[in-house]
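Structural overview for review
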Amino acid sequence: MNTLTQARTALLAGDLDALTLVNEHLARFDEQNPTTGALISYQADKARTDAAEADLSKPLGGLPIVLKDNINALGEPCTCGSKFLQNGYTAPYDATVTRKLREAGAIVMGRANMDEFAMGSATENSALANTVNPHDSNRIPGGSSGGSAAVVASGMALASLGSDTGGSIRQPAAHCGIVGMKPSYGRVSRYGLVAFASSLDQIGPLTNSVEDAATLLQIIAGHDPLDSTSLDVPVPDYSQSLTKGVAGLKIGLPKQYFAEGLDPAIEELVRAAAAKLEREGAELVEIDLPSTEAAVATYYILAPAEASSNLSRFDGIRYGQRSSQADGIIDTYRKSREEGFGPEVKRRILLGTYVLSSGYYDAYYTRAQKVRTLIQREFSQAFEQVDAILTPTTPTPPRKLHEADNDPLQDYLADVYTISANLAGLPAISVPCGSVDSGDDTQLPIGVQVMAPHLRDDLVFQIGARLENSER
Ligand code: GLN
């Protein structure tokens, strides 16, 4: 039993009680976390108390869920995988998504490891723990929500929430063989999510089924006066999209996503997934998204620019780290940031500050904004031709640990298939579509991605549901 739906059915039938369910998951934490490193912390006593009082009449009553460690939960640590927040910061409030999960009856029981401040694709930039892929402990789980993915893939929780700025839900989901969904920009409140790049960030679910992802989005979606970017539009009933099938849908395969750099074994699996949809009545259409080649460069200007501004709040005065070596205010800023931030975060702050600085702003930042508009326009045009777009989630299977330690560009480039959905604000899902042989006696999971027009989150569930149960 590994889905929310199955656990809920068992709870309601009386085959299982909420405390037993929580205890089983806590036992799995103790057994698996020392090797997987998926969780930074968990609150066993509180989870047991909450389980004992679980209200099964609620949609997530008694179901254990884990949060990425950049989502605030009252009274708990929220480290963002950083030394900066490791000591001295406890969340003074619940994020809106945390509150909604609790109101729906969920047991919020642990905090998942992540790349520091969500910057990375391997969870190797965490300053606090090492997370490995549950399918092959010599390989990365993906990132930045690598802990959120590994915790679900290894059965330590039924589901988790992550955040996705350039692929951080979908890429680790693909690498760990589970479902990961980035909602449309504005669909979910980010109040209480520690901001990385505010024009790109979204919170979303990582689960063992498309149905579970739809269930969680249903609960966390919706307008929130505390996040001015959350949209005041009705939330449809996503469960209805799961059984609609794909007959009559036009699905675009962008040629730039099936080009040089894509592992041939992945291409084969993704094309097989597309062929399955075709057999079920969808029409496959080759489409053109020519600005795709500029997406990585655009993202790695805009995201660091926004990060350099968002992270200025970590100044040694207000949150977490404060240097004991400092003499005076300026020295406190300088030394606290020097001691608290890891190398990737410093690299991003430097990059971001550079592209925003006078003399370079127009050459980099303004130009990147223009390319972002082009990318958005190309998607709008594509969606006049097709209902949705299907691509690989990643160009390669999960790589070995530490392979990119001296080459950050290697991981930046591997974000090529996921970041456009963020730049254009589109909903996107990654669903497992098979595995490839690692050559070391392990099978490495592969994901297929579906993107749809803004606010058509229902459509990514509709298509995703047909991709998962595939006998190919
Ligand atoms: N890998 C991308 C980065 O390093 C995306 C991270 C994310 O989505 N949070 O910025």
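See the structure above.
Description of the structure in this document. Bear in mind the structure is a predicted one, so any value in this text is a computation, not a measurement.

Here we come to the overall build of the chain. Within the chain one finds 16 helices and 11 strands. Computed over the C-alpha atoms, the radius of gyration of the chain is 21 Å, within 12% of the 23 Å expected from 2.2 N^0.38 for a compact globule of 472 residues. Each of the three principal axes of the chain carries a C-alpha extent, and together these read 70 × 60 × 50 Å. Looking at the chain residue by residue over its 472 residues, the buried ones come to 58%. Within the chain, residue pairs in contact and separated by at least 24 positions form 76% of the contacts whose partners lie at least 6 positions apart. In the structure as shown, the chain presents an accessible area of about 17800 Å², 49% of it carried by carbon and sulfur atoms. When the 40 basic and 58 acidic side-chain charges of the chain are each reduced to a single mean position, those positions are 5 Å apart.

To continue, consider the site of the ligand. Inspection of the region around the ligand gives 15 residues, with Ser121, Gly166, Ser168, Tyr299 and Arg348 positioned closest. Contact between the ligand and Thr165: an oxygen atom at 2.8 Å from a main-chain N or O atom of the residue. Between Gly167 and the ligand, the recorded distance is 3.3 Å, taken from a backbone N or O atom to an oxygen atom. The protein chains hide 99% of the 300 Å² of surface that the ligand would expose on its own. Given that more than half its atoms are within 2 Å of the pocket grid, the ligand belongs to the largest cavity.

Turning our eyes to something else, we now look at the packing of helix α2 (residues 18-36) against helix α3 (residues 44-52). Close contact between α2 and α3 brings their axes to 8 Å; oriented N to C, the two are set at 160 degrees. One element, α2, and the other, α3, form an angle in the roughly antiparallel class. Between α2 and α3 the crossing geometry is right-handed. Mapping the contact onto sequence places Ala18, Leu19, Val22, Asn23 and Leu26 in α2 and Ala44, Ala47, Arg48 and Ala51 in α3. Here the residues of the contact of α2 with α3 are counted per class, giving 7 nonpolar, 1 polar and 1 charged.

Another aspect to go through is the layout of surface pockets. Quantified by volume, the largest pocket comes out at close to 460 Å³. Around the largest pocket, the lining comprises 23 residues; the ones closest to its centre are Pro395, Gln410, Leu413, Ala414 and Val416. Among the elements of the structure, α7 (170-176), α10 (292-310) and α14 (408-413) are those that each provide at least two residues to the lining of the largest pocket. Tallied by class, residues from the lining of the largest pocket come to 9 nonpolar, 9 polar and 5 charged.

Turning our eyes to something else, we now look at the environment of Ala382. Relative to the helices and strands, Ala382 resides in helix α13 (residues 361-385). Judged by relative accessible area, which is 3%, Ala382 ranks as buried. The spacing of Ala382 and Gly61 is 321 residues in sequence and 41 Å in space, taken between C-alpha atoms. With sequence-adjacent residues up to four places away left out, Ala382 is seen in contact with Ile287, Leu289 and Ile389.

Analysis parameters
Residues numbered from 1 in each chain as written. Predicted model: local features only at pLDDT ≥ 70, side-chain atom pairs only at ≥ 80, totals over all residues. Heavy atoms only, no water. Helix = DSSP H or I, 4+ residues; strand = E, 2+ residues; numbered from the N terminus. Rg over C-alpha atoms; globule rule 2.2 N^0.38 Å. Buried < 20%, exposed > 50% of the residue type's maximum accessible area, 1.4 Å probe, protein only. Contact = heavy atoms within 4.5 Å. Areas by Shrake-Rupley, 256 points an atom, 1.4 Å probe, with all protein chains shown as cover. Lys, Arg positive; Asp, Glu negative; His and termini not counted. Charge placed at Lys NZ, Arg CZ, Asp CG, Glu CD. Near = heavy atom within 4 Å. Polar contact = N/O pair within 3.5 Å; in protein donor to acceptor, adjacent residues only side chain to side chain. 1 Å grid on protein atoms, 1.4 Å probe; cavity = no way out; pocket = protein on both sides within 12 Å on 5 of 7 lines; lining within 4 Å. Sits in = over half its atoms within 2 Å of the grid points. Axes fitted to C-alpha atoms, helices over the stretch in contact; angles between N-to-C directions. Parallel < 35°, antiparallel > 145°, perpendicular 65-115°, else oblique. Left-handed = near helix turned anticlockwise from the far one by under 90°. Nonpolar A, V, L, I, M, F, W, Y, C, P; charged D, E, K, R; others polar. Points joined across faces, edges and corners; volume = space filled by probe spheres on them.

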